[in-house]
Amino acid sequence: MSTMSTRGKPDAGPAQQPFTYPLRKEFVEPDWRRIPGYKDVTEAEWESSVWQRKHTVKNLRELRATLGALLPDDLAVSMELDQKERATMSILVPPQMLNTMNLEDLWSDPVRRYMLPALADRRTDWANHPRASRDSLHEADMWVVEGLTHRYPTKVLAEMLPTCPQYCGHCTRMDLVGNDVPQVSKHKFATGQKERYEQMLDYLRRTPTVRDVVVSGGDIANLPIQALEPFVSALMDIPNIRDIRLASKGLMALPQHFLQDSVLAGLDRLAKKAVERGVDLALHTHVNHAQQLTPLVGKAVRKLLDMGFRDVRNQGVLLRGVNDSPKALLDLCFTLLDHAKILPYYFYMCDMIPNSEHWRLSVAQAQKLQHDIMGYMPGFATPRIVCDVPFVGKRWIHQVAEYDRERGISYWTKNYRTSVEANDPGALDRKYEYYDPIDTLPESGQAWWREQPKAA
């Protein structure tokens, strides 16, 4: 209840809050020279994309050589076991990203936990959900031509290439992206790159219902600008294409790529053409923790905004032990807004790929996180937490139709057909299932799952 002052007005003022703003952490580039392998690296070298790619850590041997005594022996052993027994992605971490880790406590560091997973991080009781699958979103099932997923009525996803500048442990496209690992032999594109791109463009020219193209992969930061620019330019020549979103985690992990003269020149030409054609051109990145944002990322973003990109937006992933608290999410969102000029957009539930249970949250946990971050940021910059439901698509976390919390099964509906349901009369009446991590369920729910046959 408010009190009244002696002048008859409410005695109001700033209240104590669960989260305190402004942020206290200084926004600076961490000193890479504290890392033994980089102690003699100059500023010019550090800001070189060529140097960053040349020195990207590709295996445990290179990580040991780079970090030296900063890498605990027991962590190194656990990471080696993880690569042999559980990892669905090989190691690939640019120096820029390695430099954002807390090297004084790598075991607990949130960036390390998802970029350099250790076997000890994983669950042993429920290492894998019985319903997990390699292509958990069935994107390949919805390819209208190889690499072009048509899931939504007016939107498509163009998977341009199967590589990235960095490999995230939780990668939803682990079925296709990256190198083979002992647990996963990756699928390969059967059609040559030039022919695939032309097939994609031909489909879009013949399909006027599509207005929005996400140009992804892999990561467009690994696609030479000489290949990216003509494809995106050709998209702008298709009258029905009104939105183009370039997807790159590399903007955060390798901002040096986007600061190259040749890349900036190509993107500037695309931005100018987009304005001329009335097309909205944006870039989407993937940042999961505030400490991954540095001044170099902000510098690259300002270049894109100054040349005419409509927005740079962030699509993070909710990960247990990384960003599963209101404070972690709000720290990230305010750092994105205040320092990097990136718009918080989505936080996805971690997809149901194999060996991901230690990262995944339940629908109930995600709903609480959405509740707890509301009211702090302007509405246009308050991220939506979404569940990407197989054969459905993104749904706000409170759009669940039914929720059996005992068994951890949520049920979702949709109002459109995917490309594989064009002639399915029941698609709009069906309820689609999504599964919570089993360790978040009551014992009775876990017991029920123990009795279920595993999916083939």
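Just so it is clear, the model here is predicted, and its values are computed rather than measured. (Residues numbered from 1 in each chain as written. Predicted model: local features only at pLDDT ≥ 70, side-chain atom pairs only at ≥ 80, totals over all residues. Heavy atoms only, no water.)

1. Looking at the pattern of salt bridges
Argument step 1. Within the structure shown, the criterion is met by 34 salt bridges.
Argument step 2. Between arginine 205 and glutamate 198 there is a salt bridge, with its nearest N and O atoms 2.9 Å apart.
Argument step 3. One salt bridge connects aspartate 424 with arginine 430, and the closest N-O pair in it is separated by 2.9 Å.
Argument step 4. One network of salt bridges, in which partners are shared, links Arg123, Asp125, Arg320 and Asp439. (Salt bridge = Lys/Arg side-chain N within 4 Å of Asp/Glu carboxyl O.)

2. Quick word on the domain arrangement of the protein
Argument step 1. If you check the domain split of the protein, you get domain 1 (32–121) and domain 2 (140–394).
Argument step 2. Here the C-alpha centre of domain 2 lies 24 Å away from the C-alpha centre of domain 1.
Argument step 3. With 31 residues of domain 1 at the contact, the number on the domain 2 side is 42 residues.
Argument step 4. For the pairing of domain 1 and domain 2, the buried interface totals around 2900 Å² over both sides, and the portion due to carbon and sulfur atoms is 57%.
Argument step 5. Sorting the residues of domain 1 by area buried against domain 2 places Thr88, Met89 and Tyr114 first, and these three jointly supply 26% of that buried surface.
Argument step 6. Taken together, the links from domain 1 to domain 2 amount to zero salt bridges.
Argument step 7. Our count for the domain 1 to domain 2 interface comes out at 20 residue pairs in polar contact (both at pLDDT 80 or more).
Argument step 8. Where the side of domain 1 that touches domain 2 is concerned, the elements lending two or more residues are helix 2 (49–54), helix 4 (73–85), helix 5 (95–98) and helix 6 (110–115).
Argument step 9. It is helix 6 that provides the largest number of residues to the side of domain 1 that touches domain 2, a total of five residues. (Domains from an automatic or database assignment. Contact = heavy atoms within 4.5 Å. Buried area = accessible area lost by both parts, 1.4 Å probe. Polar contact = N/O pair within 3.5 Å; in protein donor to acceptor, adjacent residues only side chain to side chain. Helix = DSSP H or I, 4+ residues; strand = E, 2+ residues; numbered from the N terminus.)

3. Examining the packing of helix 3 (residues 60–67) against helix 4
Argument step 1. Contact pair helix 3 / helix 4: the axes reach a minimum separation of 11 Å and the direction vectors enclose 160°. Overall, the two elements helix 3 and helix 4 adopt an arrangement that is roughly antiparallel. Classified by chirality, the crossing of helix 4 by helix 3 is right-handed. The segment helix 3 lies against helix 4, with Leu60, Leu63 and Arg64 engaging Ala76, Met79 and Glu80.
Argument step 2. The class makeup of the residues in the contact of helix 3 with helix 4 is four nonpolar, no polar and two charged. (Axes fitted to C-alpha atoms, helices over the stretch in contact; angles between N-to-C directions. Parallel < 35°, antiparallel > 145°, perpendicular 65-115°, else oblique. Left-handed = near helix turned anticlockwise from the far one by under 90°. Nonpolar A, V, L, I, M, F, W, Y, C, P; charged D, E, K, R; others polar.)

4. Some thoughts on the sheet that holds strand 13 (residues 432–435)
Argument step 1. Across the sheet, which stays open at both edges, the three strands sit in the order 11-12-13 with antiparallel pairing between neighbours. The sheet is open, and its two edges are formed by strand 11 (402–404) and strand 13, each paired on a single side. The mean angle between the axes of side-by-side strands here comes to 20°, regardless of whether they run parallel or antiparallel.
Argument step 2. Bridging between strand 12 (residues 409–412) and strand 13 involves four bridges; their strand directions are antiparallel. Residue pairing for strand 13: tyrosine 411 is matched across the bridge by glutamate 433. (Pairing = 2+ DSSP bridges.)

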